[in-house]
Amino acid sequence: CAKYSPRAVDIKTEIDAYINGMSKLYGILLNADEQKRRYAIKQLLHVYGLNHDEYFSLFSQDLHENFPFLREWEQKGYVKISQTWTQLTALGLSLSDYLGSFFISDDIQKLMTEKLD
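We now turn to the structure provided with this report. (Residues numbered from 1 in each chain as written. Predicted model: local features only at pLDDT ≥ 70, side-chain atom pairs only at ≥ 80, totals over all residues. Heavy atoms only, no water.)

**As for the sheet that holds strand β3 (residues 85-88)**
With respect to topology, three strands assemble into an open sheet ordered β1-β3-β2, the strand pairing being antiparallel. Both outer strands of the open sheet, β1 (50-51) and β2 (79-81), are each paired with one neighbouring strand and no more. Relative to β3, β1 is paired through two bridges, and the arrangement is antiparallel. Opposite L50, over in β3, you have T86 as the bridge partner. Packing against the sheet, helix α5 (residues 69-76) makes contact with β2 and β3, and its axis sits at approximately 110 degrees to β2. (Pairing = 2+ DSSP bridges. Helix = DSSP H or I, 4+ residues; strand = E, 2+ residues; numbered from the N terminus. Contact = heavy atoms within 4.5 Å. Axes fitted to C-alpha atoms, helices over the stretch in contact; angles between N-to-C directions.)

What follows is the structure, given as structure tokens:
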């Protein structure tokens, strides 16, 4: 059972603590590639989208070079790419569970499969 708070600031703190606690109990240490993937998933699927400059400042790499499938998604209408943002469209949001799986690396997929066996 998690703590409850009516204040947005407290709610964010509790959610962050819960997520951080989960990673300590069930997670692994993420290498640089997995950190990029996790960041992209969280920003694209859970927030307002991916800010290109913020991504570059964190990882010193281009978002669309790291995840070239985002350009394909734009052609399919799943994301909207502007000069500064990559954001899910309404169609992309409706497919978010499916789209999120594209960010899962082969190494993590293998770990997930091993955990099920």
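Alright, that's what it looks like, and here's the rest.
**Section: unusual backbone geometry**
Positive phi outside glycine occurs at S60, with the angle close to 55 degrees. Inspection of the secondary structure assignment puts S60 in the loop between α3 (52-59) and α4 (63-66).

**Some words on the packing of aromatic side chains**
A full pass over the atoms with the stated rule returns 12 aromatic pairs. With 5.1 Å between their ring centres and 75 degrees between their planes, F69 and F103 make a pair best called edge-to-face. You can see F69 sitting in helix α5 and its partner F103 sitting in the loop between α7 (96-100) and α8 (106-116), a full 34 residues away along the chain. With relative accessibility at 1%, the residue F103 sits in the buried group. Ring geometry for W73 versus F102: centroids 5.5 Å apart, planes at 90 degrees, classification edge-to-face. Placement of W73 in helix α5 and of F102 in the loop between α7 and α8 is noted, with a sequence separation of 29 residues between them. Three or more aromatic residues link up through ring pairs in this structure, and these residues are Y39, Y55, F59, F67, F69, W73, Y98, F102 and F103. (Phe/Tyr/Trp six-rings, centres within 6.5 Å; stacked < 30°, edge-to-face > 60°. Buried < 20%, exposed > 50% of the residue type's maximum accessible area, 1.4 Å probe, protein only.)

**Notes on the pattern of salt bridges**
Inspection of every chain in the model, using the stated rule, returns two salt bridges. A salt bridge links D33 to R37; the nearest nitrogen and oxygen atoms lie 2.9 Å apart. On the criterion of helical spacing, the pair formed by D33 and R37 is a turn pair, its members being four residues apart in helix α2 (residues 32-46). We classify D33 as partly exposed; its relative accessible area is 33%. Residue classification places R37 among the buried positions, given a relative accessible area of 18%. Salt-bridge contacts for R71 lead to E74; the nearest nitrogen and oxygen are separated by 3.9 Å. One end of the pair is R71 and the other is E74, both in helix α5 and three residues apart, which spans about a single turn. (Salt bridge = Lys/Arg side-chain N within 4 Å of Asp/Glu carboxyl O.)

Functional significance is not addressed by these values, which are geometric in nature.
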